[in-house]
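# Chain and residue survey
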Amino acid sequence: MVDWKEYAPFTGLLIFGNIENLILASQGAVAHVNPIILGGLSIIAVIIWLLIGTYGTKMAIKYADYIEIIGGVAIIILGLQSMLEAVGVL
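Just so it is clear, the structure is predicted and the values come from calculations on it, not from any experiment.

## Let's talk about the overall build of the protein
- Within the protein one finds 3 helices and 0 strands.
- Written out in order from the N terminus, the α and β elements of the protein read α-α-α.
- The C-alpha extent of the protein, read off along each of the three principal axes, is 40 × 30 × 15 Å.
- The burial tally for the protein puts 14% of its 90 residues in the buried class.
- Total accessible area computed for the protein in this model is approximately 7,100 Å², and 77% of it derives from carbon and sulfur atoms.

Below is the structure:
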């Protein structure tokens, strides 16, 4: 049985990370990337992050605040980049 309390400090990062995955997938669709390849790569990335999250949580829990801040900044930057590319600025 999974103890979800261990993952609680990463909840925000998990939610916004999934939103960012949707943004990146939509960028791939707009760029006319082969959907089979895009889907396969997305599944591989999710499995890798699942394994890292599952086995790395115990080691990373003491750095949860820093990880969440850095991850949040990265998500904001990638989201802004996506929006700027969508309107043709970049």
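## Focus: the environment of Tyr 55
- For Tyr 55, the location among the structural elements is in helix α2 (residues 35-60).
- The sequence separation of Tyr 55 and Ile 15 amounts to 40 residues, and the corresponding C-alpha distance is 19 Å.

## Description of α2
- In the structure, α2 departs most strongly from a straight axis at Thr 54, where the bend amounts to approximately 35 degrees.
- Within α2, the full set of buried residues consists of Gly 56, Thr 57 and Ala 60.
- Here the buried face of α2 lies against α3 (64-86).
- Structurally, the start of α2 carries an N-cap: the backbone nitrogen of Ile 36 is 2.9 Å from a side-chain oxygen of Asn 34.

## Points about the environment of Thr 11
- With respect to the element layout, Thr 11 can be found in helix α1 (residues 11-30).
- For the pair formed by Thr 11 and Glu 68, sequence separation is 57 residues and the distance between their alpha carbons is 9.0 Å.

## Brief notes about unusual backbone geometry
- Backbone geometry places His 32, a non-glycine residue, at a positive phi of 60 degrees.
- For His 32, the location among the structural elements is in the loop between α1 and α2.

## Let's talk about the confidence of the model for the protein
- In this model, the protein carries a mean pLDDT of 80, and residues with pLDDT of at least 70 account for 97%.
- The secondary-structure element of the protein with the lowest mean pLDDT is α1, recorded at 75, while α3 shows the highest, at 87.

## Re a nonpolar patch on the surface
- Together, Ile 37, Leu 41, Ile 44, Ile 48, Trp 49 and Ile 52 give the surface a local cluster of nonpolar side chains, amounting to about 640 Å² of exposed area.
- Structurally, Ile 37 can be placed in helix α2.
- Overall, the relative accessible area of 47% leaves Ile 37 in the partly exposed class.

## Describing the side chain of Ser 82
- For Ser 82, the position within the fold is in helix α3.
- Once residues within four sequence positions are removed from consideration, Ser 82 is found in contact with Ile 23 and Gln 27.

The rules we used
Residues numbered from 1 in each chain as written. Predicted model: local features only at pLDDT ≥ 70, side-chain atom pairs only at ≥ 80, totals over all residues. Heavy atoms only, no water. Helix = DSSP H or I, 4+ residues; strand = E, 2+ residues; numbered from the N terminus. Buried < 20%, exposed > 50% of the residue type's maximum accessible area, 1.4 Å probe, protein only. Areas by Shrake-Rupley, 256 points an atom, 1.4 Å probe, with all protein chains shown as cover. Bend = angle between axes of the 7 residues up to and from the residue. Contact = heavy atoms within 4.5 Å. Polar contact = N/O pair within 3.5 Å; in protein donor to acceptor, adjacent residues only side chain to side chain. pLDDT = per-residue confidence, 0-100. Patch = residues over 30% accessible without salt bridge, like charges linked within 9 Å, V, L, I, M, F, W, Y side chains within 5 Å. Salt bridge = Lys/Arg side-chain N within 4 Å of Asp/Glu carboxyl O.

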